[in-house]
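# Structural overview
Below, each chain spelled out in residue letters.
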Amino acid sequence: MEYYPNLILDALKHVVHPGKGKDIVSLGMVEDDLRIDGKRISFSLLFDRANDPLIGSLKKACVKAIHSYVDEEADIEGNIYVKVKPKAKPVETKALPSVKNIIAVASGKGGVGKSTITSNLAVALAKAGYTVGLLDADIFGPSVPIMFQTEDARPVLEKIEGKDKIIPVEKYGVKMLSIGYFVNPDDALIWRGSMATNAIRQLINDGNWGELDYLLLDLPPGTSDIHLTLVQTISITGAVVVTTPQNVALADAVKGVSMFKSKNINVPVLGLVENMAWFTPAELPENKYYIFGKDGGKTLAEKLQVPLLGQIPIVQSIREGGDNGEPAALNEASIIGLAFADLAQKVVERVELRNAAMPETKIVEIKK
Ligand SMILES: Nc1ncnc2c1ncn2[C@@H]1O[C@H](COP(=O)(O)OP(=O)(O)OP(=O)(O)O)[C@@H](O)[C@H]1O
Ligand SMILES: [Mg+2]
């Protein structure tokens, strides 16, 4: 008698997988490599694992089914092979795999100089030879376009590997994205929280950031939905908390530090930056006036046992640089340029120590 494939498959439909209660044909376990050569029949069975305990008994059951339903003289014994299902490709879970370190710059209190510190730190890192990105995460009060005088920039979309990607704006060696490039900030003010969190996710995931040593996040003040969205979207290497020396700011800085350190967020705190540590007039650069109190940030860092990364004075050129889109750190030879270069160096050191001592920060799971 001549065999034909359907006859064999019909026979195999009598073989029921004991665990799954269905026949092996409907379970898709019979591979489509069935070969018939005279009386010789061969095919493969597909299993999840190479050591599946049912391999032996199912093979036997197949031989039996073919002998009883097709032909008892069929040559099948020893011709049933086993294939293992290829493992599903692991889904890329890490957002921004090409970014080495993601640093969040935060504060408890508003207006302490987060955006100023972030912009200057970005410039100082770029000057030191690192590849740097800057994400303005302050959806309701973006500052990056002003601080880099890129308000008129309109990032373009490019199709990369079939996906629309946003090409960041680049200035002073820093790649930047801000909601300010896409909408009028006053329009964003009336957004619901979900629109803001979607916007931030899009800037992260759709930004064509490329290979970066550092991606800095300029956060909104305090704690917000944006903070939560960020820790749920990307693995933040560490946080830098900015404070000014006066008591109200210090009290809020404590809250900022404890938010990152809290069990469910668990982002390492790289250290504190004391901004507006003293006032120095341009004409009397040696004079220091401690108008917000002396060493408030330094003392707090000791108390919280986190490193003090730097003390940045109040200087007119810092404010002017912020307003004119020319971060003061661009002027490397100036006292301020040196202060930011030093801050950049400290941040790099802390990041390297952190990376040597701890695993990657876990992305916070979204609880449903
Ligand atoms: N060290 C400094 N010397 C002089 N001016 C400064 C200094 N730091 C910040 N400023 C000025 O203070 C103002 C507030 O700073 P900035 O916008 O950076 O604060 P912020 O913490 O980002 O504020 P927000 O909480 O609104 O995001 C800006 O005009 C900035 O130029
Ligand atoms: Mg800001």
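Just so it is clear, the structure is predicted and the values come from calculations on it, not from any experiment. (Residues numbered from 1 in each chain as written. Chains lettered and ligands numbered in written order. Predicted model: local features only at pLDDT ≥ 70, side-chain atom pairs only at ≥ 80, totals over all residues. Heavy atoms only, no water.)

### Focus on the overall build of the chain
For clarity, the threshold we go by: Only runs of H or I of at least four residues qualify as helices and only runs of E of at least two qualify as strands under DSSP, and these elements are numbered from the N terminus. A radius of gyration in this sense is built from C-alpha atoms; the matching globule rule multiplies 2.2 Å by the number of residues raised to 0.38. Relative accessibility thresholds used throughout: buried, under 20% of the residue-type maximum; exposed, over 50%; partly exposed, between the two (1.4 Å probe, protein chains only). In this description, contact between two residues means that some pair of their heavy atoms is separated by no more than 4.5 Å. To be clear on the numbers: accessible area is Shrake-Rupley with a 1.4 Å probe, and residue cover counts the displayed protein chains and nothing else. A positive count includes Lys and Arg, and a negative count includes Asp and Glu. His and the chain ends are not counted in either. Think of each charge as sitting on NZ of Lys, CZ of Arg, CG of Asp or CD of Glu.
Tallying secondary structure elements over the chain gives eleven helices and 15 strands in all. Taken over C-alpha atoms, the radius of gyration comes to 31 Å for the chain, far larger than the 21 Å a tight globule of 368 residues would show. Each principal axis of the C-alpha distribution contributes one length, and for the chain these read about 105 × 45 × 40 Å. Relative to its 368 residues, the chain shows a buried fraction of 47%. Long-range pairs, those at least 24 residues apart, make up 73% of the contacts in the chain with a sequence separation of at least 6. For the chain, the computed accessible surface area is about 19100 Å², with 52% contributed by carbon and sulfur atoms. Distance between charge centroids for the chain: 6 Å, based on 41 positive and 45 negative side chains.

### Some thoughts on the nonpolar core
When a protein is soluble and globular, its nonpolar side chains tend to lie buried together. To keep things clear, this is the line we draw: For the purposes of this section, nonpolar cores are sets of buried Ala, Val, Leu, Ile, Met, Phe, Trp, Tyr and Cys residues that join through side-chain atoms within 4.5 Å.
Counting 44 residues, the largest nonpolar core has Leu217, Leu230 and Phe260 as the members making the most contacts within it. Listed by contribution, the elements that provide at least two residues to this core are strand 6 (99-106), helix 6 (193-205), strand 12 (212-218), helix 7 (225-233), strand 13 (238-243), helix 8 (247-261), strand 14 (269-279) and helix 9 (296-304). Sequence-distant contacts of Leu230, that is, excluding residues within four places in its chain, are made with Ala137, Ile200, Ile204, Leu217, Leu219 and Ile236. If you look at the next biggest cluster of nonpolar residues, it comprises 40 residues, including Phe148, Val174, Val273 and Val348.

### Looking at the sheet that holds strand 15 (residues 308-314)
Cut-off, in case you're wondering: Strand pairing follows a simple DSSP-based rule, namely that at least 2 bridges must link the two strands. Each axis is a line fitted through C-alpha atoms, taken for helices only over the stretch in contact, and angles between the N-to-C directions span 0 to 180 degrees.
Across the sheet, eight strands lie side by side as 10-11-7-12-6-13-14-15; this open sheet has mixed pairing. Only two strands of the sheet have a single partner each, and these edge strands are strand 10 (169-171) and strand 15. Across this sheet, the average inter-strand angle for adjacent strands is 25°, counted without regard to direction. Here strand 6 pairs with strand 12 via six bridges, running parallel. Considered in strand 12, the bridge of Ile102 is made with Leu215.

### A look at the side chain of Thr118
Among the structural elements, Thr118 can be located in helix 3 (residues 114-127). Contact partners of Thr118, with chain neighbours within four places excluded, come to Val105, Leu134, Leu216, Leu217 and Asp218.

### Comments concerning the site of ligand 1
Let me state the cut-off plainly: Here a residue counts as near a molecule or strand whenever at least one of its heavy atoms sits within 4 Å of it. Side-chain atoms alone can form a polar contact between residues adjacent in sequence; in general such a contact is a pair of N or O atoms within 3.5 Å, and within protein one must be able to donate a hydrogen while the other accepts it. The nonpolar class holds Ala, Val, Leu, Ile, Met, Phe, Trp, Tyr, Cys and Pro. Asp, Glu, Lys and Arg form the charged class, and all remaining residues, Gly among them, are polar.
Among the 17 residues in the neighbourhood of ligand 1, the closest are listed as Gly111, Lys114, Ser115, Thr116 and Pro313. Between an oxygen atom of ligand 1 and a main-chain N or O atom of Gly113, the distance comes to 2.9 Å. At 2.8 Å, a backbone N or O of Pro313 approaches a nitrogen atom of ligand 1. Coverage of ligand 1 by the protein amounts to 79% of the 630 Å² it exposes when considered alone. Looking at the shell around ligand 1, the elements that each hand over two or more residues are helix 3, strand 14, strand 15 and helix 10 (316-324). Looking at which element gives the most residues to the shell around ligand 1, the answer is helix 3, with three residues. When the residues that make up the shell around ligand 1 are grouped by side-chain class, the tally is eight nonpolar, six polar and three charged.

### Brief notes about the packing of helix 3 against helix 11 (residues 335-357)
Applicable threshold: Should an angle fall under 35 degrees it is called roughly parallel, over 145 degrees roughly antiparallel, and 65 to 115 degrees roughly perpendicular, with every other angle called oblique.
Here helix 3 crosses helix 11 at 80°, and the two axes come no closer than 9 Å. It follows from the interaxial angle that helix 3 and helix 11 lie roughly perpendicular. Contacts from Ile117, Asn120, Leu121, Ala124 and Leu125 in helix 3 reach Phe340, Ala341, Leu343, Ala344, Val347 and Val348 in helix 11. Classifying every residue of the contact of helix 3 with helix 11 by side-chain character gives ten nonpolar, one polar and no charged.

### Focus: the side chain of Thr237
Position of Thr237 relative to the elements: it lies in the loop between helix 7 and strand 13. A polar contact of 2.7 Å, which involves the side chain of Thr237, links it to the backbone nitrogen of Ile102. Once residues lying within four places of it in the same chain are set aside, the contact partners of Thr237 are Lys100, Asn101, Ile102, Ile103, Pro268, Val351, Arg354, Asn355 and Thr361.

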